[in-house]
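# Residue-level structural notes
Listed here are the chains, written in short residue letters.
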Amino acid sequence: MRPVDLVVAEGLGRRFGRVVALHDVWLRVREGSCLLLAGPNGAGKTTLLRILATALRPTAGRAWVCGYDVISQGPRVREVCAYLGPAPGLYSALTGWENLCFAADLCGRPRALARQLMARVGLEGVAHRAVGTYSLGMRRRLALARVFLQEPRALFLDEPFVGLDEPGVRLVEELVREVKARGGAVVLATHERERAWRMSDAVAVLRSGTLVEHTPSALDHPKNRCAIFGDPGPPPLEGFFRDALLGAGSGRPLRHTDRGGVAGVLP
Amino acid sequence: MGWRRVHAVARKDLLVEWRGRDGLLPAGGFGLAVLLVLGLVTGGSAEAAAAVLWVSVLLAAVLVVGRSTEREGEEGTLETLLLYPGSREELFWGKWLALAVLVAVLAAALWCGQVLLFNASPRGWAGLGLVVVLAAAGLGAVGTLFAALLHHVRAGRLLLPLLFLPTALPVLLAGIRLTEAASRGTPPEPWLGVLVVFDGLFLLVGPVLYEVVVEG
């Protein structure tokens, strides 16, 4: 059976007054895959993720998540997706347990699941302490537990590794793996490209609000990990992709794309 | 409507307020100060008692509404709240319920303060209780709506009184007249009707408009 596109953006744009944050972005993410959204600061990655998660309305174009229109079917989109942004979005006056129970109540999930997740993210020992006393890493873990609780089909992660130690990073990897295994789709924006690379099936590069290029071929061949980028971007970005592509020893040379970038395929 | 979600939001807001004590306590202190100043200016006259009480309640309510908005902004929790599954109308109802409870507590505390400070007559307290509930419901609805509207606006906290006070004028007038009527034992018409219509209007349009304004 042909894989379904769970996340689709067509000509998506967003302006903040005179500032164009996102311009004419076309994107498709298939079920069971993870798209790494790369690009320098201010490229529009967060804006794109927030639009897809219905936190922000686009000023141009349309987008669908799991078949639901992000503009006209917001409540349906929110039932199937989860968004983890740079801020953990927790109430510091409440305990970790109360924060997670609140999330469980709003998502219609049993509190028993919340209890299991507190243990899974390693916070059961501090569950009854106010979140205001948590470290950044502990807050991020609690926010991850909230996303696990939602059991989303489409997952949007914005800088998910910030403040996390190695076990915390592994939790993010588990989360992505679980969503993909359920046949879901993940869109991941991060500057920690080395970590994200391992989890991703495709890469899209945004620069100045415009999608420079993305990887339809990776989606056509789910077993391949592929990267294509148009404008090579600033040296660290270019260097990363070159190293990643060549270092894997795929044996296939990089090729120049129509848009002046280079492309390659990882086995 | 999902009662579990409404209850969860209201409970959360009240719990955060209880733990932080940074909304109701300062607002209550401010309301008491206004009560004291206006009471002294009017010489603690029984005729002006109802007006003094409701002006104090309204001004203090502005602080409670402002603080509840500010808190969500400081912690960056509003976006997370908006991204939970389900309808945002339920978020409105939960926030309205919590705000109405806080305003009702504030009004009751200020009334007690007036009785203690100015030896005001506690007559008609049962009638006053009904007025407080209706006024709190109306102020809660207006406050929830404007808090959502101004959340995304720069200097929104400064604009809040400019929008909130004129809009809540019918509640102020009805509160004064109904409190006077309750203490004198006279019929509450037509001000009871004014208060009920005000509440009905804002509770009808509030949830619908909330969905639109909260996104910014």
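Residues numbered from 1 in each chain as written. Chains lettered and ligands numbered in written order. Predicted model: local features only at pLDDT ≥ 70, side-chain atom pairs only at ≥ 80, totals over all residues. Heavy atoms only, no water.

### Section: the overall build of chain B
The helix and strand inventory of chain B stands at nine helices and zero strands. For chain B, the N- to C-terminal ordering of α and β elements is α-α-α-α-α-α-α-α-α. Each principal axis of the C-alpha distribution contributes one length, and for chain B these read about 50 × 30 × 30 Å. A burial count over chain B gives 49% of its 216 residues as buried. Across chain B, the fraction of contacts at a sequence separation of at least 24, relative to all contacts at a separation of at least 6, is 82%. Surface summary for chain B: the accessible area is close to 9,600 Å², and the carbon and sulfur share equals 72%. Positive and negative side-chain charges of chain B, numbering 15 and 16 respectively, have mean locations separated by a distance of 5 Å. (Helix = DSSP H or I, 4+ residues; strand = E, 2+ residues; numbered from the N terminus. Buried < 20%, exposed > 50% of the residue type's maximum accessible area, 1.4 Å probe, protein only. Contact = heavy atoms within 4.5 Å. Areas by Shrake-Rupley, 256 points an atom, 1.4 Å probe, with all protein chains shown as cover. Lys, Arg positive; Asp, Glu negative; His and termini not counted. Charge placed at Lys NZ, Arg CZ, Asp CG, Glu CD.)

### Side note on the overall build of chain A
Looking only at helices and strands, one finds nine helices and 13 strands in chain A. Within chain A, counting contacts between residues at least 6 apart in sequence, those at least 24 apart form 66% of the total. For chain A, the computed accessible surface area is about 11,000 Å², with 52% contributed by carbon and sulfur atoms.

### Topic: the nonpolar core
Generally speaking, a soluble globular protein has its nonpolar side chains buried in company with each other. Grouped together as the largest cluster of nonpolar side chains are 111 residues, with contacts concentrated most on Leu157 of chain A together with Trp54 and Phe164 of chain B. In terms of residue count, helix α6 (residues 125–150) of chain B provides more of this core than any other element does, 15 residues in total. Non-local contacts of phenylalanine 164 of chain B, meaning those with residues more than four positions away in its chain, are made with Leu58, Ala61, Val62, Val65, Leu139, Val142, Gly143 and Phe146 of chain B. In this structure, Leu6, Ala43, Val65 and Cys66 of chain A belong to the second largest nonpolar core, which totals 35 residues. (Core = buried A, V, L, I, M, F, W, Y, C linked by side-chain atoms within 4.5 Å.)

### Describing the confidence of the model for chain B
Counting all residues, the mean pLDDT for chain B is 89, and 98% of those residues have values of 70 or more. Two summary scores accompany this predicted model of the complex, namely pTM at 0.83 and ipTM at 0.87. (pLDDT = per-residue confidence, 0-100.)

### Quick word on the interface of chain B and chain A
Contacts between the two partners involve 23 residues from chain B, matched on the other side by 28 residues from chain A. Where chain B abuts chain A, roughly 2,400 Å² becomes buried across the two surfaces, and 55% of that area is made up of carbon and sulfur atoms. With its nearest N and O atoms 2.8 Å apart, the salt bridge here joins glutamate 98 of chain A to arginine 19 of chain B. At the level of elements, α1 (3–20), α3 (49–75) and α4 (77–82) of chain B are the ones that each hand at least two residues to the side of chain B that touches chain A. When residues in the side of chain B that touches chain A are grouped by element, the largest group, eight residues, is from α1 of chain B. Broken down by class, the residue content of the side of chain B that touches chain A amounts to nine nonpolar, four polar and ten charged. (Buried area = accessible area lost by both parts, 1.4 Å probe. Salt bridge = Lys/Arg side-chain N within 4 Å of Asp/Glu carboxyl O. Nonpolar A, V, L, I, M, F, W, Y, C, P; charged D, E, K, R; others polar.)

### A look at the environment of valine 105 of chain B
Residues and elements named next belong to chain B. Mapping valine 105 onto the fold places it in helix α5 (residues 88–118). By relative accessible area, which is 42% here, valine 105 ends up partly exposed. Along the chain, valine 105 and valine 64 lie 41 residues apart, while their C-alpha atoms are 11 Å from each other.

### Considering helix α4 (residues 111–120) of chain A
Residue and element names in this part refer to chain A. Looking at α4, one finds that the buried residues are Leu113, Ala114, Leu117 and Met118. Mapping the buried residues of α4 onto a view down its axis gives an arc of 145°, with all of them on the same face. Facing away from the buried side of α4 by over 90 degrees, the exposed positions are Arg115 and Gln116. Looking at the buried residues of α4, the elements they touch are α3 (96–107) and α5 (136–150). Two residues or fewer after α4 comes glycine 122, characterised by a positive phi angle close to 75°. (Arc of directions from axis to C-beta.)

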